[in-house]
Amino acid sequence: MTALRELYQEVILDHNKSPRNYGRMENPDRKIDGYNPLCGDHFTLFVKLDGGIIKDISFDGAGCAISKASASVMSAAVKGKTIAEAEELFKQFHALVKGEIDASENLEELGRLAAFSGVSEYPARVKCATLAWHTLHTALTSTEYRTSTE
Ligand code: ZN
């Protein structure tokens, strides 16, 4: 088994069993619904901002293992980051699951995000993996209430 495949299984299992930052938030600055109709993944993202920094983030909802693990990993990755840093991570993640960057050459930089590189082989799954990130993007760049992968 390759290191990436091992990482994939470990991250998906771990983050489904004990998702990070899971639950609703009182008085969030942004509350956005994200929906992936292809798979039925549906999450609500809660964000607290403080001077351009993601001070707190949480999510609830339900979806397949990939979408849930991705939401969990995303929340842990962007917590405490600036909006600009989070947007940069979103770009990297998007390129990763589209197969546009080689995860095995950027393992250190990507950390647990690299686990999702295998998704690039399954186009239908790319939307599951990116749902939470698209929802975050909407939360950070607009005051829109709802986002969808479609
Ligand atoms: Zn899904």
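From a predicted model like this one, the values you see are computed outputs, not experimental measurements.

Participant: Honestly, the coordination of the zinc ion in this entry has me stumped. Any pointers?
Facilitator: Geometry reference: four tetrahedral donors at a metal, ideal angle 109.5 degrees. Six octahedral donors, ideal angles 90 or 180 degrees. Protein coordination of the zinc ion is provided by C39 (SG), D41 (OD), D41 (OD), C64 (SG) and C128 (SG), with donor distances spanning 2.2 to 2.6 Å. Counting along the primary sequence, the residues that act as donors to the zinc ion give the motif C-x1-D-x22-C-x63-C. Of this pair, D41 sits in strand 2 (residues 41–50) while C64 sits in the loop between strand 3 (53–62) and helix 2 (65–78), and the two are 23 residues apart along the sequence. Each member of the pair, D41 as well as C64, is classed as buried.

Participant: Explanation requested: empty space enclosed by the protein in the structure shown.
Facilitator: Gaps between atoms show up when a probe of the same size as a water molecule is rolled over them. A full pass over the atoms with the stated rule returns 1 cavity of 30 Å³ or more. F43, T44, L45, F59, A71, A132 and T135 are the residues that line the largest cavity. Of all elements in the fold, only strand 2 and helix 5 (123–141) reach the threshold of two or more residues within the lining of the largest cavity. The element contributing the most residues to the lining of the largest cavity is strand 2, with 3 residues. Residue composition of the lining of the largest cavity, grouped by class: 5 nonpolar, 2 polar and no charged.

Rules used throughout
Residues numbered from 1 in each chain as written. Predicted model: local features only at pLDDT ≥ 70, side-chain atom pairs only at ≥ 80, totals over all residues. Heavy atoms only, no water. Donors = N, O, S within 2.8 Å, 3.2 Å for Na, K, Ca; no water. Helix = DSSP H or I, 4+ residues; strand = E, 2+ residues; numbered from the N terminus. Buried < 20%, exposed > 50% of the residue type's maximum accessible area, 1.4 Å probe, protein only. 1 Å grid on protein atoms, 1.4 Å probe; cavity = no way out; pocket = protein on both sides within 12 Å on 5 of 7 lines; lining within 4 Å. Points joined across faces, edges and corners; volume = space filled by probe spheres on them. Nonpolar A, V, L, I, M, F, W, Y, C, P; charged D, E, K, R; others polar.

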